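Descriptive analysis of the structure
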Amino acid sequence: LQAAAELELPPAALDLLIDECGGAAAVAEMTGRKARVVRQGRGWASQPRAKPESGEMEALNVTERNAFMDGKKLVAVISDAASTGISLHADARSANQRRRVHITLELAWSADKAVQQLGRSHRANQTSAPRYVLLCTDVGGEARFGSSVARKLEAMGALTKGDRRAEIGSPDTLNLK
């Protein structure tokens, strides 16, 4: 146990991603997490985001969304837990009309759910369509699952049209062969 305690393990993938993209000052985080791990010198430390058992999280998600849509933060991280009702598309009425690059770190378990998640950055009144990137490791099960979801999305046309009723699209652009 002592050897395990002495290991210098990296933070969770989400914390590392936020750090690499500029940290909390540059990344709008809408995840529902009450704390995050941040870089401090050569190490990492836990930092609270909202008080446990308070209504602060809902207000924090709205504040973070507004910072992204206003262009004050150029990267947004959103989880399934906090995504209900959140639109992050390049809305013609928003200050931040840059083209979105929607990166999915964790695939939804169903194509319908994936379409709903992708729709957070692809909506009506947008100035440009988003670019989608589905991250997947070389681990056989994950690659196979990713390919399966991509094929289902292709059948629904969601990758190129943002519309599950469309009939065109190609999972080849996802490199999930």
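Refer to the structure presented above.
The written sequence of each chain sets the order in which its residues are numbered from 1. Owing to the predicted nature of the model, reporting of local features is limited to residues with pLDDT of at least 70; listing and counting of side-chain atom pairs is limited to 80 or more, with chain, interface and lining totals taken over all residues. Side-chain metrics in this entry use all non-hydrogen atoms of the structure; hydrogen atoms and water are not considered.

Thoughts on helix α2 (residues 13-20)
Just so we agree on the cut-off: Buried, partly exposed and exposed residues are distinguished by accessible area as a fraction of the type maximum, computed with a 1.4 Å probe on protein chains only: under 20%, between the cut-offs, and over 50%, respectively. Where helices and strands are cited, they refer to DSSP runs of H or I of at least four residues and of E of at least two residues respectively, numbered from the N terminus. The arc in question is traced by the directions running from the helix axis to the C-beta atoms. Two residues form a contact once any of their heavy atoms are found within 4.5 Å.
Inspection of α2 places L14, D15 and I18 among the buried residues, and these make up the whole buried set. Projection of α2 onto a plane perpendicular to its axis shows the buried side chains occupying an angular sector of 100 degrees, all on one side. Buried positions along α2 lie against β1 (27-30), β2 (35-40) and β4 (75-78). G22 sits one or two residues past α2 and shows a positive phi near 115 degrees.

Quick word on unusual backbone geometry
The phi angle at N125 is positive, at roughly 70 degrees, despite the residue not being glycine. By relative accessible area, N125 is classed as partly exposed at 40%.

Structural notes on the nonpolar core
Applicable threshold: What makes a nonpolar core is a set of buried Ala, Val, Leu, Ile, Met, Phe, Trp, Tyr and Cys residues whose side-chain atoms join them at distances within 4.5 Å.
Counting six residues, the largest nonpolar core is built from A28, M30, F68, M69, I86 and L88. Looking at this core, the elements with two or more residues in it are β1 and α3 (56-69). Ignoring anything within four residues of it in the chain, the contact list for M69 reads S87, L88, H89, D91, S94, A95, N96 and R100.

A closer look at the pattern of salt bridges
The line we're drawing: The salt bridge criterion pairs a side-chain nitrogen of Lys or Arg with a carboxyl oxygen of Asp or Glu, the two atoms within 4 Å.
Applying the stated criterion to the full structure yields seven salt bridges. For K73, the salt bridge goes to E64, with nearest N and O atoms at 2.8 Å. Here K73 falls in the buried class, since its relative accessible area comes to 12%. When its relative accessible area of 7% is taken as the criterion, E64 is described as buried. A salt bridge links D91 to R93, with the shortest nitrogen-to-oxygen separation between them at 2.7 Å. Residue class for R93 comes out exposed when judged on its relative accessible area of 68%. Overlapping salt bridges, with partners in common, bring together D15, E29, R33, R36 and R49 in one network.

Some details on the environment of L60
Following the sequence through the fold, L60 ends up in helix α3. L60 gets classed as buried once you look at its relative accessible area, which sits at 19%. Taking the C-alpha atoms as reference, L60 lies 7.8 Å from M30; in sequence the two are 30 residues apart.

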